[in-house]
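Chain and residue survey
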Amino acid sequence: MPLITTSSTTTEYPDPPIEIDVGGLLRPVTFSANGEYLFGGCQEGVRVWRVEDRTHISTMAAEVVNCLAVSKDGRWIAAGTLEGDVLVWDAETKEQVFKHTDSHINGVDFSPDSTQLVSASLNKTASVWDIATQERVHTLHHDHWVTVAKYSPQGDRVATATYGSVQVWDSNDGRSLVDITVSVTPWCNTGLLWFNNYLFVLSDREIKQFEASTGSAVSEWPVPESEAFSCIVLPKHGEFIAYSTQRNVTFWDTATRIQLGLIPHPQGKCSIAVSPDDRFLAIGGEHGKITIKPLSLITDSIPLHRLHPTFQEPAIQIDDTALDPWKLNQLANAEASLSAAIHDSRSLSHHELASRALVRVRLQQWDAAIADATESIKIEPSVIGYIAKSVALVGNGEKHKAYRACDIAFERFHSTHVSFLLLVKAIIVFMAGEHDDAISRLDDLIDTVHFNSICHVVQAYMFLLLGNSRVERGDFNVAIQLFERAQAQTRYHTSQALSVVSLISGWKFDGLDITVRQRLCEALYASGRVKEAGESLLNIANTVDEDVYMTGPIFTWITDFLKRCLSTENSDDTTLPTSLLTEWAKLQLTGGSWNDALTAARGFTAPKFTIYRALCDHLEMLGQITAAAECFHQMKNELEEETNLYDEQPEWVPGFQQRLAMRLEYLGDTAVNAQQLREAISDYSSALSLDPAALPGLLIKRSRAYVSLSLWEDALNDANKVITLEPLSPWGYEMNQAALHGAGHHHDAMRTFRTMVLKISQSADPRIRDFKQRLSEKLECLGDAAVDDQQLDEAISEYSAALSLDTVPPSGLLIKRSKAYVALALWEDALNDANKVITLDPWSPLGYEMKHAILHGAGRHEDAIGTFETMLLKISQSPDPGIGKRRREYVHPEQTKAAIHASIENAIRESPLVLINTDSGRLLDKSGQACSFESQPIFWELISSMTTYIDHALIEQEVAEYYRYATLSHKWEENEPLFEKVIRIVVYDLEESLTHDKLRMFCKIVRDSGFHWAWSDTCCINKADHFVLQEALVSMFKWYEGSAATIVLLRGVHSPSKRGDLVKSIWNTRAWTLQEYHASKVVRFYTEDWKPYLNLDIPNHKESSEIILEMEEATGVSARALMALRPGLDDIREKLRLASTREATRVEDSAYSLLGIFSMSLGVVYGEGDKALGRFLAQLLTSSGGTNILAWTGRSGGFNSCLPAKIFVFNQLPTTHIPPVLERVEMDKITARLRSSLLNSTSIMRLYDRLRELPVPSFVGQRLKLPCIIFQLGPINRRRSGHVFRAQAPSLGTVEIRTEEDLSRFGSLYLVHPWIDFLLNCQPVGSVVETISEENTKDESSSIGELSSFVQVGASNITTAPQTRAAGLVARLGRPFGARSPPFRRDAVALLPPSDQSLPRVTSFAESLRPPSFLSPTEMQTLALQAIARLRQPFGALLFTPDLGNVSAFRRVAAETLITVQVEEITPTILDKLVNSVRTLDIL
């Protein structure tokens, strides 16, 4: 990538100081990235001024700004406040883009790439934020308040400060890198600065400088007393630091640490900032004055020799396509790319011309280079242009002109590039051949410049070039001196400035250190100083990274140079260092063999033994032990005739043998563990050949390996050798016995074993006394290994053998053997061992714990619980405090019992009041159900299994499994067994009868299916108790829904059953079976002789395709719709239609059987007849608000004239009453015509408002409050047919009515349009809301009261209902609800159906609830016009007449057929009549 970025704009300030009056308390100040604006932190926020004319631009609101930062690209402004807010604004728009609240923000700073922000807080953290995502990237935790947070110049690190330390963090992963113990005096981000890789810290009257990578101190110097609000700032060149105190700003030389100047500031508590171009200083005081002064007042008074600038390289602004080949020394490609860029550019670029001049210098095209450089300067003078011209001139032999070009650059660009120009001048002087002068100039720069490692590197390269020239002339001694000086000057330095020097000069600094030392080695060798050359080479090997040293050209050179040194006699006859041979061996054995190395060593001057030793030592170091042994044996064989190695090398040879033998023994052991036995034997044999002292142990190990390979003779030989060497040791006899036993010589093996026992008893060897213990431990380990391998019989054998060795058996072994017995279900053996443990240590819980586990495993759960309780008692009484503490690890059985009882209570809470226990055949109430679980084995098993913690999930699972129950669905018959009979007898003992057999077979099937409980509506409901009966009828749907299965008896269907029998079965005609089928999740159908229907062998017949098709045929409802039916107030008409096809023995059951399907509660009053249906439908209409319940024809019931006498009327389809929905195109046409008609918009809105103000239809007692539009009929005329009447109605025209009633006897008749929800294009409130139960009436009333402001009061002739549609809806919002579509209400904007989208859709529930007053008048009028358009549609009207006894009330006149009418063309007159016809009628 390019080495230099684009330059920024420079702001020119007037020479006199600039003063800005803030007018209040001022804290931090800072410049914008281009220097044009000044930012100040105040109590009210961040204020912005244009510096040029001191104009106040804007204020960005914040609470007491404590610190400020501006991003390097000028895009963002950040602030931290005393209130704890971290804020970021867009610098151009001044809009806030980021906010996070923390605790008292002391510091903020942007990363150099302006993508991240770091903040310092009093909550002991610094946070790194991603500005784009506004997410926290890292949290840097500290021990104290964080007062400073600053990014490094490269952005790879973050420095933070607390009162007692400065920490450096990796900004990429948040790791802590360096921790510097130093106190930082100021707060608010002003006491710490980065400069390159250094940190400047203001600390207790001192400025301290630290190296950031290591935390080491570099320098420190005293300053006037520092305070909490002191500041330090550093210009980019780093020549001095500006430091503010209470009344002054002082300036300090960063190299000499001498005070350079002082600016007084009378306001107190100074905050300071340096402009981006380092030319101006802003000083802010707490009293609200800002002063901007030129820094030249300070810098111009500093002598040149006192400045210690850093190296700021000039800009080389070219594209990567030219820069990359230039850096790779592909100069022709670089020149071509630059020439193409210059040719394609509309205007000549002085950067590209200067760069091409430098490339042409490298190509020695001097004239062309001079021309390019001259043209570049002519276009725009620049540092790089003058440097290019100077280098081209010196290459052309015109050194004085070259010097002059450098001098001009120095004069013009002294302030920013002085050090770099002096460095380049020294290089040009060197290129001109004035080497001593060039080196002297660099010496001066090194003494003067503070950060001078680049000068050392350049000077080292000069010495390298001079040394190379001396070598070419054969002057090796002078060359050696020059190379040594180059080595002394070499520094590790990587910087952009050095890269620029390399591009300018063509000098390559990569690997300079190694190159210098290589040249030094070659010069020493060429001068005959071979030993020194070798030592220099070793210096390279010891200091260069191994990955560099062992690869590439340097590896080849070192190998070759070592061979030359080792093959050459030293000029002073001294011996070459042994380390040279060691290094040679290292190189040779890297990828090669020791035999090849010996071959390569031919011609070496070193002794043969020394070469062998070097190879052996390095092979050992590499871990190539076998190869080392082979090399050692070859050395002995080759040199034993020449010398006695043990005499000549008394230390190395025995020590090497012993070490090698130990390593070989270890390799053999490793091979044995890996089952590589032949390799192990080879390693043991090699070890035996090296170390005779290790003979017995190695012989035993090799003998064991032979045994494992069934090499009995070899194993026996090694065992006999051990016996010979150590006749009193058991090990040889043990190995001899194993070899003989394996070879089948059992008699001899037994004789050897007896000899071994005798030797052990006679031995005074202390090792033998421990033999039993070790053998016992070994047997225990073998037993453990056998357990791990699931070889339990073998494990028991090993444990038993170990126990036989001890007089007093260890408890641990007994417990292990007991566990093995348990795993094999040998309960008695396991119990014996556990009792022994208890006898040995009665206070330890281990024996009881084992005994409990055994009894539990054997199924003796009550005994196990008793043992466990004894254990808990022993623990609590134990004198050992350690054992006493273990009581907290266990759970007492009573706690588990309590958890089980709680789970039982929860499990049976929603189950039926009475259930049949299928095991005992008895009826049990809730109490009996709860107690029955304690008689189950699982009850004691659960208690016994939970000793350390209570597994609530397992308890709930087992309890829920036990209390699953099945329900019976059937047709009631005569002589059913009722509660009062069955309560006194076992179900299975009932006398023979058709109904008794039904109940008995039902219980047996349930029991055989694995259920402990059954429920039948015949005997499980005490119908003599009215409250029990009421609860049962209301809860029945829930009980069927909660059952594990429902057994359906198809009376009249015999086996073998066939498809269609279910459709024709009497079960499919009964009222109660409808809810029983829909509520049950699992259903199983049985024929009259209790065989599965259609022989279906699946758990759930409800999922059978045959059953689904038959139920679809029986109900007339699609399978999908049938499965989708759910309890509640949705799909009201479809549910009523399904119920209308069912029959009930008792009239009231046609209503009561629907309570569960509609999730309703209703008082049960048998004997009230069809009034039950009326009460049910009245509550259904009130709860749902759905007027489609009124869409029927036929005879009225006794409860209310608007409700039918029988439920079968709902078998009619209701869609003919309600007009069809208008398509969107048609709706648009009609509303357009209405909009252009003569209708008065006020009248239109009055009609619409009257419709919206209508209440929800509801029943009060037996009276129906029905909102509607009424049309009075004129005189009635009977047609000749007798039951057909005609009449005229205003707005409707001629109406024809078919009814058995004599309409002529009624005084007045009215046709009613009750479909208000259709007109307003909304759904009934209750269509998607559950019924509000009686216990919630108070809450609903409260909700309605709070919303009374939304209830719209209509005209005096409109009846006011208890609640409006809106209030009723919102009142229900406080109740639990499902994830369904949001409900509609009349005084809210309706969601339009797909076919009626003339207005934009409301896209959210909140928007659907806004009152119409929030809509625009145009929107409101459009909705009103749409309502009128729907009013023009044909609709099914209801016929009413005033009640004779109560003229304010009405009764419905039943019609035989649908009365279909249509409003005629709406005129202004008709519209006014319609407005007055909107009423709420009181229907009896």
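To be clear, the structure that these remarks concern was listed above.
In this text the structure is predicted, and so the values were computed from the model without any measurement. (Residues numbered from 1 in each chain as written. Predicted model: local features only at pLDDT ≥ 70, side-chain atom pairs only at ≥ 80, totals over all residues. Heavy atoms only, no water.)

Observations regarding the packing of helix α3 (residues 331-344) against helix α4 (residues 350-362)
Two quantities define a packed helix pair, namely the angle between the axes and the distance from one axis to the other. The geometry of α3 relative to α4 is characterised by a closest axis approach of 10 Å and an angle of 155 degrees between their N-to-C directions. Accordingly, the angle class assigned to the pair α3 and α4 is roughly antiparallel. Crossing hand, α3 versus α4: left-handed. The residues of α4 that touch α3, namely those facing Leu331, Ala334, Glu335, Leu338, Ser339, Ala341 and Ile342, are Glu352, Leu353, Ser355, Arg356, Val359, Arg360 and Arg362. (Axes fitted to C-alpha atoms, helices over the stretch in contact; angles between N-to-C directions. Helix = DSSP H or I, 4+ residues; strand = E, 2+ residues; numbered from the N terminus. Parallel < 35°, antiparallel > 145°, perpendicular 65-115°, else oblique. Left-handed = near helix turned anticlockwise from the far one by under 90°. Contact = heavy atoms within 4.5 Å.)

Thoughts on unusual backbone geometry
The amide bond that connects Ser1055 to the next residue, Pro1056, takes the cis arrangement and shows omega of 0 degrees. In this fold, Pro1056 is placed in the loop between β33 (1045-1049) and α43 (1061-1064). Of note, the phi angle at Asn975 is positive, near 60 degrees, even though the residue is not glycine. As for its position among the elements, Asn975 is in the loop between β31 (965-969) and α40 (979-982). Overall, the relative accessible area of 65% leaves Asn975 in the exposed class. (Buried < 20%, exposed > 50% of the residue type's maximum accessible area, 1.4 Å probe, protein only.)

A few points about the pairing of strand β19 (residues 198-203)
The buried fraction of β19 amounts to six of the six residues, a majority that puts the element mostly inside the structure. Going residue by residue along β19, you find Tyr198, Phe200 and Leu202 tucked away on one face and Leu199, Val201 and Ser203 tucked away on the opposite face as well. Taken together, the four bridges between strand β18 (residues 192-195) and β19 define a ladder with antiparallel strand orientation. Residue pairing for β19: Trp194 is matched across the bridge by Leu199. A loop of two residues connects β18 with β19, the two strands running antiparallel in sequence, and Asn196 in this loop sits at a positive phi of about 55 degrees. Strand direction decides the pairing type here: β19 and strand β20 (residues 206-211), joined by six bridges, are antiparallel. The partner of Phe200 across the bridge, within β20, is Gln209. (Pairing = 2+ DSSP bridges.)

Quick word on the sheet that holds strand β15 (residues 157-161)
Spatial ordering of the open sheet is given by β14-β15-β16-β17, a layout of four strands whose pairing is antiparallel. The strands lining the two open edges of the sheet, one partner per strand, are β14 (148-151) and β17 (176-181). Between one strand axis and the next, the sheet turns by 15 degrees as a mean value, whatever way the strands run. For β15 and strand β16 (residues 165-170), the ladder comprises five bridges, and the chain directions are antiparallel. When the bridges of β16 are listed, Ala159 appears paired with Val168.

Some words on the nonpolar core
Counting 134 residues, the largest nonpolar core has Val458, Met462, Phe509, Trp584 and Leu615 as its most contacted members. The element best represented in this core is helix α10 (residues 453-472), accounting for ten residues. The residues touching Phe509, leaving out its near neighbours within four places in the chain, are Val457, Val458, Tyr461, Leu498, Val501 and Ser502. Phe1002, Met1160, Phe1259 and Cys1268 belong to the second-largest nonpolar core, a separate cluster that totals 111 residues. (Core = buried A, V, L, I, M, F, W, Y, C linked by side-chain atoms within 4.5 Å.)

Some remarks on the packing of aromatic side chains
Under the counting rule described, the total for this entry stands at 24 aromatic pairs. Look at Tyr461 and Trp507: their rings are 5.1 Å apart centre to centre, the planes differ by 20 degrees, and that puts the pair in the stacked class. Of this pair, Tyr461 sits in helix α10 while Trp507 sits in the loop between α12 (496-505) and α13 (512-526), placing them 46 residues apart in sequence. Owing to a relative accessible area of 11%, Tyr461 belongs among the buried residues under this scheme. In this structure Trp507 comes out as buried when scored by relative accessible area, which is 8%. Among the aromatic residues, ring-to-ring pairing joins Phe933, Phe939, Trp940, Tyr962, Tyr963 and Trp1013 into one connected group. Seen from the ring of Tyr1077, Lys1102 lies directly overhead, with NZ or CZ sitting 4.8 Å from the centre. Looking at Arg1452, its charged tip hangs above the ring of Trp1192, at a distance of 4.2 Å from the centre. (Phe/Tyr/Trp six-rings, centres within 6.5 Å; stacked < 30°, edge-to-face > 60°. Lys NZ or Arg CZ within 6 Å of the ring centre and 35° of its normal.)

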